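Residue-level listing of the chains:
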Amino acid sequence: MEKPSSVSRRSLLLTAAASSLLAACGGGGGGGGFSGSGGGGVSSSSSSSSSSSSSSSSSSSSSSSLPDPATAPALKTHFAANFKVGLVADDWISGDTTISALVTKHASSMTAESVMKANPIGVSEGVYDFSHADALVTFCQANGIALRGHNLLWYQTSPSWFFDGDATAANYKDIVKARLVKYITDVVTHFKGQVYCWDVVNEVVSDDASSNYRNSQWYQIFGKDYIDYAFQAARAADPTVQLFINEYSTEYPDKLGRLMAIVDDLISRGIPIDGVGHQLHNNLSVPISGVGDALAAVEARHLINHITELDMSVFSDSTSTTLSSSALATALQTQALNYRALFNLFVAHPSVQSVTMWGTSDAHSWLNSWPITRTDYPLLFDRSANPKSAFWAVVDPTFVP
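Residues numbered from 1 in each chain as written. Predicted model: local features only at pLDDT ≥ 70, side-chain atom pairs only at ≥ 80, totals over all residues. Heavy atoms only, no water.

As a further point, take the nonpolar core. Ranked by internal contacts, the top residues of the largest apolar core, which has 101 residues, are Trp198, Phe343 and Phe346. Broken down by element, the residue count for this core peaks at eight residues, all from helix α10 (residues 225–237). Not counting residues within four places of it along the chain, the set of residues in contact with Phe343 comprises Phe79, Phe83, Leu310, Val355, Met357, Leu380 and Val394. (Core = buried A, V, L, I, M, F, W, Y, C linked by side-chain atoms within 4.5 Å. Buried < 20%, exposed > 50% of the residue type's maximum accessible area, 1.4 Å probe, protein only. Helix = DSSP H or I, 4+ residues; strand = E, 2+ residues; numbered from the N terminus. Contact = heavy atoms within 4.5 Å.)

So, on to helix α12 (residues 288–299). A rise of 1.5 Å per residue sets the reference length of α12, with its twelve residues, at 16 Å; its end C-alpha atoms lie 17 Å apart and thus fit the reference within 8%. Taken together, the buried positions of α12 are Gly290, Val291, Gly292, Ala294, Leu295, Ala297 and Val298. Lining the buried residues of α12 we find α11 (253–268), β8 (275–278), β10 (304–312), α13 (325–348) and β11 (352–357). (Expected span 1.5 Å × (residues − 1).)

The next thing to look at is the pairing of β11. Where burial is concerned, most of β11 is hidden: five out of the six residues are buried. By the bridge criterion, three bridges tie strand β1 (residues 84–89) to β11 in an arrangement that is parallel. Pairing of Val85 across the sheet is with Val355, part of β11. This β-α-β element, β10 to α13 to β11, shows right-handed connectivity. (Pairing = 2+ DSSP bridges. Right-handed = clockwise from strand over helix to strand, strands pointing away.)

Turning our eyes to something else, we now look at unusual backbone geometry. Between His150 and the following residue, Asn151, the backbone shows a cis peptide bond with an omega angle of -10 degrees. Turning to its location among the elements, Asn151 is positioned in strand β5 (residues 146–154). With an omega of 5 degrees, the peptide bond between Trp370 and Pro371 qualifies as cis. One non-glycine residue, Glu203, lies in the positive phi region at around 60 degrees.

Moving on, we come to the environment of Val115. Locating Val115 in the fold gives a position in the loop between β2 (109–112) and α6 (118–121). Given the relative accessible area of 9%, Val115 is considered buried. Residues Val115 and Asp91 lie 24 residues apart in sequence; the distance between their C-alpha atoms is 7.8 Å. For Val115, the residues in contact, after removing those within four places along its chain, are Asp90, Asp91, Pro120, Ile121, His132 and Ala133.

This part covers the confidence of the model for the protein. Summarising the model, the protein shows a mean pLDDT of 88, and 84% of its residues fall at 70 or more. This stretch, residues 1–58, has a pLDDT under 50; its non-local contacts, to residues over four places away or in other chains, come to 194 contacts. (pLDDT = per-residue confidence, 0-100.)

Here we come to the environment of Ile307. Looking at the element boundaries, Ile307 is found in strand β10. Looking at Ile307, the relative accessible area reads 0%, which means it is buried. Considered as a pair, Ile307 and Gly277 are 30 residues apart in the sequence and their alpha carbons are 5.7 Å apart. Setting aside chain neighbours within four positions, we find Ile307 in contact with His278, Leu280, Leu295, Phe346, Val352, Ser354, Val355 and Thr356.

Look at α12 against α13: their axes get within 10 Å of each other, and the N-to-C directions meet at 20 degrees. The pairing of α12 with α13 is recorded here as roughly parallel in orientation. In the crossing of α12 with α13, the sense of the turn from one axis to the other is right-handed. Between α12 and α13, the contacting residues are Ile288, Val291, Gly292 and Leu295 on the first element and Asn338, Ala341, Leu342, Leu345 and Phe346 on the second. (Axes fitted to C-alpha atoms, helices over the stretch in contact; angles between N-to-C directions. Parallel < 35°, antiparallel > 145°, perpendicular 65-115°, else oblique. Left-handed = near helix turned anticlockwise from the far one by under 90°.)

Structure (structure tokens):
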């Protein structure tokens, strides 16, 4: 199928989902296949409610004769020699025994879907609500799971108080910069020693060739300098935590080129960056070779690669709500083979140190609510939290989907 452009994927985000909903509940952003803004939509705790029978088949595996789920190896053990395996949830997970069991078995890393973003943490200038994020920290520490910090600065979740004041005043930029630096300093200090990395800036790259930089409110005020401020403040607050720039559509050459131009600029000026996060929200037309090119580009800069928000929708458009039983079976078979190819690629690149699925089971995915409400099947575990064909394809090279 024809690959949608980065522009069309971002336009889809802005027209299909209100930015306020994304800001309050969403993930990082993203854009593969038709899905231009990954990690948006509602949070996992509410997205599970959309698991109604919007498909003509309730199956989420391409084979009726899958191995016994009890025999499934733990992903974190299977890939221990290669990279951390991550899943995404918020603090609701401690009350969901099925999903908490899935996560504690398979995950060596977790990412907060929404509770570590500036909205909701930044209640007002100097006033913070860490309660939900701290609850997730407690869950991870109790279960020996490392935690990714996600994220410190994203234009979609920047509370309005950052920008309060007279924008024409001579000292306005200094005031806003001070707020940003204080927020990042306070948050990174609060979580120091509790997270192993931070997505410092999220989705700062333009979706078109007019500029390398997204024309966000941050960019309109500071130009590219706000990115420097964020990385420098994070490094000053925690000298050892790994610092990442996180972006979607890095698997496409145009977006990758703009991202790497920004990364090269940061490196050339000594801005402290340790790695690049690749969201990899896609559908079944995921460009495997493009993913490899993105990983290689980061490796050439001697930086770390993280896969931060991986999922794979079975839908190829933003309007369909159903798939026939045969179409779903074919889609899940293709999905399994694609996941196998991706994980083989990740293993082949030692620079990949963390691979995170954006969700837990198919019942807990933002794609059930974005870009429309429909039952999707984008992850490795089905709606009952059992391993799908995609899971078995990833862990067993002899498995035939």
